[in-house]
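# A closer look at the structure
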Amino acid sequence: MWAVVACVVLFGCGDDDAQSGRAALDHARGEALEAGATAAGVDATLRWREAAREAGLELDRLRAERHLEGLAAQPAVACVVTVARARLAASEDPRASYLAAYRATESAPDDAACRERARRLLDELAAHRPPAAELASRGSIAGCRVARVAVLGSGVITAEALGTRVLLFPEGDCLLEGHAQGGLFVVSGPGLVVDSAVPEELPVGAGGVVALRRRDDAVVLELAEGASAQAFDLGSRFVIDVAAHTTLDERAEGAARLVVIDPGHGGMDFGARFDGLKEAQVALDLAERAARIVARRLPSSRVVLTRTRDEIVGLEQRAAFANAVGADLFVSIHLNAADEPVRVGGVTTFVLDVTDDRQALRLAARENETGVAEVTGIQRLLARVHRADQVERSRRLAEHVHEATLAGGRRVLPELPDRGVKSAMFYVLVGARMPAILLEASFLTKPEEAAALHTEAYREALAAGIAEGIVRYVAELDAR
Ligand SMILES: [Zn+2]
């Protein structure tokens, strides 16, 4: 790079340098145009700009910047562009870059690739991390502004969406509320201004939502016939969960209890991996086995899984799904893992609650695909929706499932360690309105447990334990 810069500034370039610089620029531009609104397209655009800058081709640099500007307006890559820009500005103002990258992840909860990029930048800039209060503050926006809206489906059980989760990302001083108005669900609040960046009309046509509309002072959902909506405020996000008509029918069919089992991870997100085992696959297998047993033992109940194939389901969608179908309880199944050799493996069960346990924070960061810094962000957010009775009921469910799963596992591995029921900040549990737990059924990275997980007998024993815990909790509910 120095040779090129020097030759431009002092001597004028030799033909070779000029040609190779031009070739690099043409190549990067070609890649950028071809890749379009993807993370690769953003990377190529940055290389294009850099090549133009190095070759001193001002017009090309402006073209690359205009192209980047266009990408920034594309929702699919807006987060990636924000993080890329934060990285470029990091040498000048690392603190501002930290804030920009931090905010980017808050507004893109389902963009795993962007979260990973942001997390890397936040790690590099850790020394410049602003105090928590500054990270928590929404900046100096007067009033309340909503500039971004996301619509997530939750139709993972049947072809037809059973519900929809709509997220609004408020900035400034917001006190949003949602209320039903005929066939509409209207979100408004004092001083609310809905930015023109939110589409005027967004046809949804699934999961109980016909369309989403922007008014200057409100966001309006047009609900399908028979659909109902509930809203709650998570601070950085305002959540509206819509249950489609079909879900009400399902409840009306007379199912006594509705159990939702959530096999962790899936698709490209395979979770932990060790000894030929993928967490996503083992979790799905355990969930299917447990679901079959619960259905057999509680014939009047309905048991549904948040995924039945090896596919990606957003963390947001899992709890939203359980809310949408009106589940009585939610059990998310995972397998534990650690980067360092594991001395004590075993079974751990978590309820959603604040914690300062370092191990729990690290595990939550792994499961949430975020940094520890962001897990503490979720803690802050949870403080607003924290309900003591919800924690208490979740703890009862956790105790039953934990005890029975441990007993089940010990039928095959008599020494299987008991790591206990703990609190942690799992994103997948945030917003669930029923007793909700996350089970780490064994340690994938503990060789004895991995070997056992390869066998049908151990999987069936764990699944029978999970099912037993669920059955016991339901019996306790019915006895009330
Ligand atoms: Zn997991």
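Residues numbered from 1 in each chain as written. Predicted model: local features only at pLDDT ≥ 70, side-chain atom pairs only at ≥ 80, totals over all residues.

From N to C terminus, the protein chain includes 16 helices and 18 strands. Each of the 480 residues in the protein chain was classed as buried or not, and the buried ones make up 44%. (Helix = DSSP H or I, 4+ residues; strand = E, 2+ residues; numbered from the N terminus. Buried ≥ 20, exposed ≤ 12 C-beta atoms within 10 Å, placed from the backbone.)

Let us now look at the environment of leucine 192. In this fold, leucine 192 is placed in strand E5 (residues 192-194). In this structure the C-alpha to C-alpha distance between leucine 192 and aspartate 173, which are 19 residues apart in sequence, comes to 9.0 Å. The residues touching leucine 192, leaving out its near neighbours within four places in the chain, are Cys144, Val146, Leu176, Asp217 and Ala218. (Contact = placed C-beta atoms within 7 Å.)

Looking now at the pairing of strand E7 (residues 209-215). Relative to E7, strand E6 (residues 201-206) runs antiparallel, the two sharing four bridges. In the sheet register, alanine 206 faces E7, and the bridge partner there is valine 209. Remark: two residues form the turn of the hairpin made by E6 and E7, two consecutive strands paired antiparallel; glycine 207 in that turn has positive phi of roughly 60°. The hairpin turn running from E7 into strand E8 (residues 218-223), its antiparallel successor, is two residues long. (Pairing = 2+ DSSP bridges.)

Attention now goes to the sheet that holds strand E17 (residues 418-424). Adjacent strands of a sheet form backbone hydrogen bonds with each other and so pair up, either parallel or antiparallel. A sheet is described by the order of its strands in space; here six strands give the open sequence E14-E11-E15-E18-E16-E17, paired in mixed fashion. If you trace the sheet from one side to the other, it starts and ends with strand E14 (302-305) and E17, each paired once. Pairwise comparison of adjacent strand axes, ignoring direction, gives a mean angle of 20° for this sheet. Here four bridges tie strand E11 (residues 258-263) to E14, and the two strands are oriented parallel to one another. Bridge pairing in E14 links valine 259 to valine 303. On the sheet, helix H10 (residues 279-297) packs against E11, E14, strand E15 (329-336) and strand E18 (436-443) and is oriented at approximately 140° with respect to E15. Contacting E11, E15 and E18, helix H16 (residues 456-479) crosses the sheet at an angle of about 155° to E15. (Axes fitted to C-alpha atoms, helices over the stretch in contact; angles between N-to-C directions.)

What follows covers the sheet that holds E8. Taken in spatial order, the five strands line up as E3-E4-E8-E7-E6 in an open sheet, and their pairing is antiparallel. At either end of the open sheet lies a strand with only one pairing partner, and these are strand E3 (177-181) and E6. Recorded for the sheet is a direction-independent mean angle of 20° between the axes of neighbouring strands. Summarising the sheet, E3 and strand E4 (residues 184-188) pair through five bridges and their orientation is antiparallel. Across the sheet, residue alanine 180 finds its bridge partner in E4, namely phenylalanine 185.

Next up on the list: the packing of helix H4 (residues 58-72) against helix H5 (residues 75-89). Interhelical geometry of H4 versus H5 gives an angle of 125° and a closest axis separation of 7 Å. Relative to H5, H4 is oriented oblique. Along the contact surface, H4 presents Leu68, Leu71 and Ala72, while H5 presents Val77, Ala78 and Val81. In terms of residue class, the contact of H4 with H5 is built from six nonpolar, no polar and no charged. (Parallel < 35°, antiparallel > 145°, perpendicular 65-115°, else oblique. Nonpolar A, V, L, I, M, F, W, Y, C, P; charged D, E, K, R; others polar.)

What follows concerns the confidence of the model for the protein chain. In this model, the protein chain carries a mean pLDDT of 81, and residues with pLDDT of at least 70 account for 82%. The model gives residues 1-14 a pLDDT under 50, and that stretch makes 14 contacts with residues more than four places away or in other chains. The model gives residues 154-160 a pLDDT under 50, and that stretch makes 24 contacts with residues more than four places away or in other chains. (pLDDT = per-residue confidence, 0-100.)

What follows concerns H10. In a regular helix each residue adds 1.5 Å, so 19 residues correspond to 27 Å; H10 covers 27 Å between its end C-alpha atoms and thus fits that length. Listing the buried residues of H10 in full gives Glu279, Ala280, Val282, Ala283, Leu284, Leu286, Ala287, Ala290, Ala291, Ile293 and Val294. (Expected span 1.5 Å × (residues − 1).)

Phi is positive for histidine 265, which is not a glycine, with a value near 60°. The residue histidine 265 is located in the loop between E11 and strand E12 (273-274) in this model. The backbone phi angle of aspartate 275 is positive, close to 50°, even though this residue is not glycine. Topologically, aspartate 275 is positioned in the loop between E12 and strand E13 (277-278).

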